[in-house]
Amino acid sequence: MGLFKSYEREDTPAEVQDTKPPVSTKKTVPTPSRRDAEAARRQRLKPELNPKQAKARERQIRMENRAEQLQKMDSEPGRVLLRDHIDARRSLSQWALPIVMVSLAFSMFASGFSMEVYAISMYSVWAIFGAIIVDIVLMWRGYKKLHAQRLPNESTKGLMSYGFNRAINIRRFRRPPPRVSVGQII
């Protein structure tokens, strides 16, 4: 035979015919029109939702975007340092809301007894507000010194209000949760 090798099939026609699956000659479903086929394709790619499902989907997308934005904002170095600074401190500010609520409730009940007790309870609420302001000012002064040492080229813009909101929250309810323990040196 030489250089060229003959490639002949060794299968017989009867064996080949047995291995083929049976072919159906009748169509069971009519061919869809072009418009129907394109509509079905669009539906698969971008399903049409009823109004309730659309609102739920939009709400989910908004929540995911908000979570992503919050995570991005909370990972800024100035905010991380401020959170650690506040969480490492013992402060009156974190107990501000419960103390004020108790004082106001006491003043409501005291108003029925005598005006002197009522006046004392109301002045105590103002004294608590004053103590909170002093505590926040001391916290901010300490943070500015720490910020100048650790992050000299970063701006403190917007951090005071963030720190105020974090400081007046009870430690358990702060978000993101505290990373440092109370009294820990950061």
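Attention here is on the structure that accompanies the text. All values reported here derive from a predicted model rather than from experimental measurement.

### Details of the overall build of the protein
In step 1: Counting secondary structure elements, the protein contains 7 helices and 0 strands.
In step 2: Shown N-terminal to C-terminal, the secondary structure of the protein runs as helices and strands in the order α-α-α-α-α-α-α.
In step 3: Burial analysis of the protein (186 residues in total) assigns 21% to the buried set.
In step 4: Restricting the contact set of the protein to residue pairs at least 6 apart, pairs at least 24 apart contribute 69%.

### Considering the packing of aromatic side chains
In step 1: Within this structure, the stated rule accounts for 2 aromatic pairs.
In step 2: Here the aromatic rings of Trp140 and Tyr143 are separated by 5.6 Å at their centres, their planes lie at 35 degrees, and the arrangement is tilted. Remark: Tyr143 and Trp140 occur in helix α6 (residues 115–150); sequence separation between them is 3 residues, near one turn of the helix.
In step 3: Owing to a relative accessible area of 10%, Trp140 belongs among the buried residues under this scheme.

### Some words on helix α5 (residues 96–110)
In step 1: Relative to the 21 Å expected for 15 residues at 1.5 Å per residue, α5 spans 21 Å between its end C-alpha atoms, a close match to the ideal helical length.
In step 2: Within the sequence span of α5, burial applies to Ala96, Val100, Ser103, Ser107 and Ala110. Looking down the long axis of α5, one finds its buried residues gathered within 90 degrees of arc, a one-sided arrangement. Opposite the packed face of α5, turned more than 90 degrees from it, sit the exposed residues Leu97, Met101, Val102, Met108 and Phe109.
In step 3: Among the structural elements, α6 are those in contact with the buried residues of α5.

### Digging into α6
In step 1: Its 36 residues place the ends of α6 52 Å apart at the C-alpha level, agreeing with the 52 Å of an ideal helix rising 1.5 Å per residue.
In step 2: Among the residues of α6, those classed as buried are Ser121, Val125, Ile128, Ile132, Asp135, Ile136, Met139, Trp140, Tyr143, Leu146 and His147.
In step 3: Of the surrounding secondary structure, the elements contacted by the buried residues of α6 are α4 (77–87), α5 and α7 (159–168).

### Here's the deal with the side chain of Arg166
In step 1: Residue position: Arg166 is located in helix α7.
In step 2: Separated by 3.3 Å, the side chain of Arg166 and the backbone oxygen of Arg175 make a polar contact.
In step 3: Within the structure, the side chain of Arg166 is placed 2.8 Å from the backbone oxygen of Pro176, a separation counted as a polar contact.
In step 4: Look past the residues within four positions of Arg166 in its chain and what remains in contact with it is Arg83, Ile86, Asp87, Arg174, Arg175, Pro176, Pro177 and Pro178.

### Details of the nonpolar core
In step 1: Leu82 and Tyr143 are the most contacted members of the largest nonpolar core, which has 16 residues in total.
In step 2: With 7 residues, α6 is the single largest residue contributor to this core.

### Some thoughts on the environment of Asn165
In step 1: Looking at where Asn165 falls in the secondary structure, it is placed in helix α7.
In step 2: The exposure class assigned to Asn165 is partly exposed, which follows from its relative accessible area of 44%.
In step 3: Residues Asn165 and Gln94 lie 71 residues apart in sequence; the distance between their C-alpha atoms is 9.6 Å.

What counts and how
Every chain is numbered independently, its residues counted from 1 as its sequence is written. Reporting in this predicted model follows two pLDDT cut-offs: at least 70 for local features of residues, and 80 or more for side-chain atom pairs to be given and counted; totals over whole chains, interfaces and linings ignore these cut-offs and use all residues. Neither water nor hydrogens contribute to the side-chain values; these are computed over all heavy atoms in the structure. Helix and strand labels come from DSSP, where a helix needs a run of H or I of at least four residues and a strand needs a run of E of at least two; each type is numbered from the N terminus. The rule is simple: take the accessible area with a 1.4 Å probe, protein chains only, and divide by the maximum for that residue type; under 20% is buried, over 50% is exposed, in between is partly exposed. In this description, contact between two residues means that some pair of their heavy atoms is separated by no more than 4.5 Å. Pairing of aromatic rings covers Phe, Tyr and Trp, the last through its six-membered ring, and needs centres within 6.5 Å; plane angles under 30 degrees mean stacked, over 60 mean edge-to-face, and all others mean tilted. Here the expected span of a helix is defined as 1.5 Å times the quantity of residues minus one. Working note: the arc is built from the helix axis to C-beta atom directions. Polar contact criterion, stated in full: a pair of N or O atoms within 3.5 Å, where within protein one must be able to donate a hydrogen and the other to accept it, and residues adjacent in sequence count only if both atoms are side-chain atoms. The set of buried Ala, Val, Leu, Ile, Met, Phe, Trp, Tyr and Cys residues whose side-chain atoms join them within 4.5 Å is what this entry labels a nonpolar core.

That is the geometry; function is a separate question.
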